[in-house]
Amino acid sequence: MTGPYLHLLGGFDFGGVGATVPAISRKARAMVAYLALQSGHSQSREKLATLLWGINSEAQARMSLRQAVSSVRKAMQTCGGGRFLTDGNSVALHLDGLDFDVARFEALVASPAPEDLELALNVYRGDLLDGFGLKEEPFEDWLRIERERLRALAVAALDRLVAHYAATNDPAACVRAAARLLAMDPLREDVHRALMRAYAAQGRTNLALKQYEHCRTALLRDLKLQPEPETRQLFETLRTRRTMAPARPPTTDADDATGFSHELAAPPTHYVNRPGSTSRIR
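Throughout, a residue's number is its position along its own chain's written sequence, starting from 1. Under the rules for a predicted model, residues below a pLDDT of 70 receive no local features and side-chain atom pairs below 80 are neither given nor counted, while totals for whole chains, interfaces and linings still include all residues. In computing side-chain values, all of the structure's heavy atoms are included and hydrogens and water are not.

Moving on to the sheet that holds strand 4 (residues 83-87). Note on pairing: two strands pair once DSSP finds at least 2 bridges between them. Working definition: helices are DSSP H or I runs of at least four residues, strands are E runs of at least two. Numbering for both runs from the N terminus. Strand order in this open sheet of three strands is 3-5-4, and the pairing throughout is antiparallel. Looking at the sheet topology across the chains shown, the edges are occupied by strand 3 (43-44) and strand 4. Where strand 3 meets strand 5 (residues 90-94), two bridges bridge the pair, whose relative direction is antiparallel. Bridge pairing in strand 5 places S44 opposite S90.

What follows is the structure, encoded as structure tokens:
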């Protein structure tokens, strides 16, 4: 990080390298976040006042908004990036000179290149304004929608990486992507299976079998369901392979390189549409 920045993924972090930025109030931070996600687009003062000071009188809300704008403007001047444009009854935030993590994340996650998806997930340090909240229902409604939108982009990126690393026989990378995806969406049976296959391809069959138990526990706890037949069949295949391993001939390097195929390959069936899972044709 070499200049002014505004980071909203995983919390609120605003400042500049070598600059001590004046502290701004919680609602001023909320205003910055709201305007930053609509950078360059003017918002009416009335809308901002209702969003953040809805429980106050109109006069008090307007005054609080003016104070917030003033404090943030001073902070931006100190850190050397970003600017407010006010025009009569409207306010717009321009992110000139600021490293804005949400914009970087959205640009990277739109790329088809796996290396860009990995960079996007490095930027995604956590949910939008993680741990941040206000007792203002309009703002909380907006924040919930934006959190879910950005989180869905991160999940989709991980989904694409899991599929890519499985297809290219890179079990170590597949393990990393699948484990992170399951931390965000633990009811994805297809991802549990991908992780089981990746562990098995690494020769870590015990971890693959434990992963089945994690899957089964999550489904029973949250959905009162048993794993799908495909998941149970994969578990039985792995358990049998572990039992029979001493009697099997040594594998060749070529066999090791295709750990996602042969008896562990997923059959050409579709996923069952269940709560917490994704239906798709394999």
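It is worth spelling out the packing of helix 5 (residues 114-123) against helix 6 (residues 137-167) at this point. Interhelical geometry of helix 5 versus helix 6 gives an angle of 140° and a closest axis separation of 10 Å. Between helix 5 and helix 6, the interaxial angle falls into the category oblique. Helix 5 and helix 6 meet at a crossing whose hand is left-handed. Contacts between helix 5 and helix 6 involve P114, L117, E118 and L121 from the former and A154, A157, L158, R160, L161, H164 and Y165 from the latter. Here the contact of helix 5 with helix 6 is built from residues that sort into eight nonpolar, one polar and two charged. Every axis in this analysis is a line fitted to C-alpha atoms, fitted for helices over the stretch in contact. Angles between the N-to-C directions lie between 0 and 180 degrees. Note on terminology: angles under 35 degrees are roughly parallel, angles over 145 are roughly antiparallel, angles of 65 to 115 are roughly perpendicular, and the others are oblique. Throughout, a crossing is termed right-handed when the near helix is turned clockwise from the far one, and left-handed when it is turned anticlockwise from it by less than a right angle. Here a residue-residue contact requires only that any non-hydrogen atoms of the pair lie within 4.5 Å. Only Asp, Glu, Lys and Arg are considered charged in this grouping, and only Ala, Val, Leu, Ile, Met, Phe, Trp, Tyr, Cys and Pro are considered nonpolar; every other residue, Gly among them, is considered polar.

Bringing unusual backbone geometry into the picture now. Even without being glycine, N169 reaches a positive phi, approximately 55°. On the secondary structure map, N169 appears in the loop between helix 6 and helix 7 (171-184). Burial classes: relative accessible area under 20% of the type maximum marks a residue as buried, over 50% as exposed, and values in between as partly exposed (1.4 Å probe, protein chains only). Overall, the relative accessible area of 33% leaves N169 in the partly exposed class. The backbone phi angle of K224 is positive, close to 60°, even though this residue is not glycine.

The next point concerns the packing of aromatic side chains. What describes a pair of aromatic rings is the distance from one ring centre to the other and the angle between the planes of the rings. Within 6.5 Å between ring centres, the rings of Phe, Tyr and Trp (the latter by its six-membered ring) count as paired, and their orientation is classed by plane angle as stacked under 30 degrees, edge-to-face over 60, tilted in between. This model, assessed by the stated rule, comprises five aromatic pairs. On the basis of an interplanar angle of 65° and a centroid distance of 5.0 Å, the ring pair of Y34 and W142 is categorised as edge-to-face. Taken together, the residues span a long stretch of sequence, with Y34 in helix 1 (residues 26-36) and W142 in helix 6 at a distance of 108 residues. W142 sits in the buried class, given a relative accessible area of 14%. The rings of Y34, F132, F139 and W142 are connected pair by pair, giving a single aromatic cluster. Geometrically, a charge over a ring is one whose NZ (Lys) or CZ (Arg) sits within 6 Å of the ring centre while staying within 35 degrees of the ring normal. Here R26 stacks its cationic end above the ring of F132, 4.3 Å away from the centre of that ring. Across from the ring centre of F12, 5.9 Å away, lies the NZ or CZ of R29, which sits over that ring.

A few words now on the pairing of strand 4. Of the pairings in the sheet, the one linking strand 4 to strand 5 comprises five bridges and is antiparallel in character. Note on strand 5: the bridge partner recorded for D87 is S90. Connecting strand 4 to the antiparallel partner strand 5 that follows it, the hairpin turn spans two residues, and G88 within it adopts a positive phi of roughly 60°.

Salt bridges are defined by distance alone: a side-chain nitrogen of Lys or Arg within 4 Å of a carboxyl oxygen of Asp or Glu. Evaluated as defined, the whole model comprises 15 salt bridges. For R83, the salt bridge goes to D96, with nearest N and O atoms at 2.4 Å. One end of the pair, R83, is in strand 4; the other, D96, is in the loop between strand 5 and strand 6 (99-100), with 13 residues separating them in the sequence. Overall, R83 belongs to the partly exposed group, its relative accessible area being 37%. Of the residues examined, D96 reaches a relative accessible area of 37% and is grouped as partly exposed. Close ionic contact of R149 with E106 constitutes a salt bridge, the shortest N to O distance being 2.6 Å. Of this pair, R149 sits in helix 6 while E106 sits in helix 4 (residues 101-109), placing them 43 residues apart in sequence. Put simply, E189, R193, R197, E228 and E230 are held in one network by salt bridges that share partners.

By secondary structure assignment, the location of K27 is in helix 1. Leave out the neighbours within four places in its chain, and K27 touches L52, W53, L134 and E136.

Glancing now at the sheet that holds strand 2 (residues 13-15). In any sheet, the strands associate via hydrogen bonds between backbone groups, in a parallel or an antiparallel arrangement. Ordered by their spatial adjacency, three strands build an open sheet running 2-1-6, and the pairing between neighbours is mixed. This sheet does not close on itself; its edge strands, each paired only once, are strand 2 and strand 6. Where strand 1 (residues 5-7) and strand 2 come together, three bridges link them in antiparallel fashion. Considered in strand 2, the bridge of L6 is made with F14.

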